[in-house]
Structure formats: structure tokens, C-alpha cells
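Structural description and commentary
In case you want the letters, here they are:
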Amino acid sequence: HALAAVLTALEHRDRTGEGTVVDIAQFETTVSSLGPFLLDHALSGAVPGRTGNRLAWLSRRVPTRRRQAASAVRSAPFLRSSSTSAP
């Protein structure tokens, strides 16, 4: 629902030039993404550990002609091999 609200606001801005206030509740947005974890716990009893900001994905910003793009990969060797510069 949050994504739909943001996309609708951007579409409105593009059509009218007016901004829109999008109020999104953090709690409800977070709870809606917990489904897979709750199902895994209900079926197997697994309790996921805390990751904080230590996720399995490595990310960095890659410069392009107009702006920076974000890239995310699972392993450091791939991150190093994908380090091409923008034309």
C-alpha cells in the first residue's frame, strides 16, 4: 500500500506539478512484511537471529552519466568484478 501511495503521488506530481503529502505508518508497513517469518516460525519453530545492519547483501553506489545508481550483490568477488565505470 505504501508503494501504491508513493507512485500515485508521483503520478499526480507529473500531471499537475503539485506535491502530495503521503503519510505512511511505520508499524503497519513493517508488520505486513513479517508474514514469511511468522509462517516459518509456525511451521518449523525457527527463530531468526538479529542482523542489524549486517545483511548478506553488499551494496555500493555506481556513477552513471546523469546520477548514481545503487547495486547490491551477495558476494564480494562479484562486487569487485562489477566495478566498471560509466561511459
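Within any chain, residue numbers begin from 1 and follow the written order of that chain's sequence. In view of the model being predicted, local features appear only for residues whose pLDDT reaches at least 70, and side-chain atom pairs are presented and counted only at 80 or more, with totals across whole chains, interfaces and linings using the full set of residues. Side-chain descriptors were evaluated using all non-hydrogen atoms of the structure, hydrogens and water having been removed beforehand.

All right, on to the overall build of the protein chain then. When its secondary structure is counted, the protein chain shows four helices and two strands. Going residue by residue from the N terminus, the α and β elements of the protein chain occur as α-α-α-β-β-α. For the protein chain, with 87 residues in total, the buried portion stands at 5%. Counted over contacts in the protein chain with a minimum sequence separation of 6, partners at least 24 positions apart contribute 0%. Residue burial considers only the protein chains on display, and all accessible areas are found by Shrake-Rupley using a 1.4 Å probe. Of the accessible surface of the protein chain, which amounts to about 7,900 Å², a share of 59% is contributed by carbon and sulfur atoms. Numbering of helices and strands runs from the N terminus, with a helix taken as a DSSP run of H or I at least four residues long and a strand as a DSSP run of E at least two residues long. Whether a residue is buried, partly exposed or exposed follows from its accessible area with a 1.4 Å probe, protein chains only, as a fraction of its type maximum: under 20%, in between, or over 50%, in that order. By definition in these notes, contact holds between two residues if any of their heavy atoms fall within 4.5 Å.

Here the focus is the confidence of the model for the protein chain. pLDDT runs from 0 to 100 and stands for how confident the predictor is about each residue. Taken over all residues, the pLDDT of the protein chain has a mean of 77, while the share at 70 or more is 69%. Mean pLDDT values for the elements of the protein chain range from 55 in helix H4 (residues 76-81) up to 91 in helix H1 (residues 2-16). For residues 82-87, every residue scores under 50 in pLDDT, and the model assigns this stretch seven contacts once sequence neighbours within four places are set aside.

Any helix carries an expected span of 1.5 Å times its number of residues minus one. Relative to the 21 Å expected for 15 residues at 1.5 Å per residue, H1 spans 21 Å between its end C-alpha atoms, a close match to the ideal helical length. Positive backbone phi, at 80 degrees, marks Gly17, one or two positions downstream of H1.

Moving on, we get to a nonpolar patch on the surface. Residues qualify for a patch when their relative accessible area is over 30% and they have no salt bridge, like charges being joined within 9 Å and the nonpolar side chains of Val, Leu, Ile, Met, Phe, Trp and Tyr within 5 Å. When a carboxyl oxygen of Asp or Glu is within 4 Å of a side-chain nitrogen of Lys or Arg, the pair counts as a salt bridge. Judged by side-chain polarity, Leu3, Val6, Leu7, Leu10, Val22 and Ile24 come together as a nonpolar surface patch covering roughly 480 Å² of accessible area. The topology assignment puts Val6 in helix H1.

What follows covers the environment of Thr8. Here Thr8 lies in helix H1. The exposure class of Thr8 is exposed, given its relative accessible area of 53%. Counting along the chain gives 12 residues from Thr8 to Thr20, while the straight-line C-alpha distance between them is 9.2 Å.

Turning our attention to the pattern of salt bridges. The final tally for this structure, using the stated rule, is two salt bridges. The salt bridge involving Arg15 is made with Glu11; its shortest N-O contact spans 2.8 Å. On the criterion of helical spacing, the pair formed by Arg15 and Glu11 is a turn pair, its members being four residues apart in helix H1. We classify Arg15 as exposed; its relative accessible area is 67%. Where Arg13 meets Asp14, a salt bridge forms, and the shortest distance between an N and an O atom there is 3.0 Å. Residue classification places Arg13 among the partly exposed positions, given a relative accessible area of 42%. Residue class for Asp14 comes out exposed when judged on its relative accessible area of 54%.

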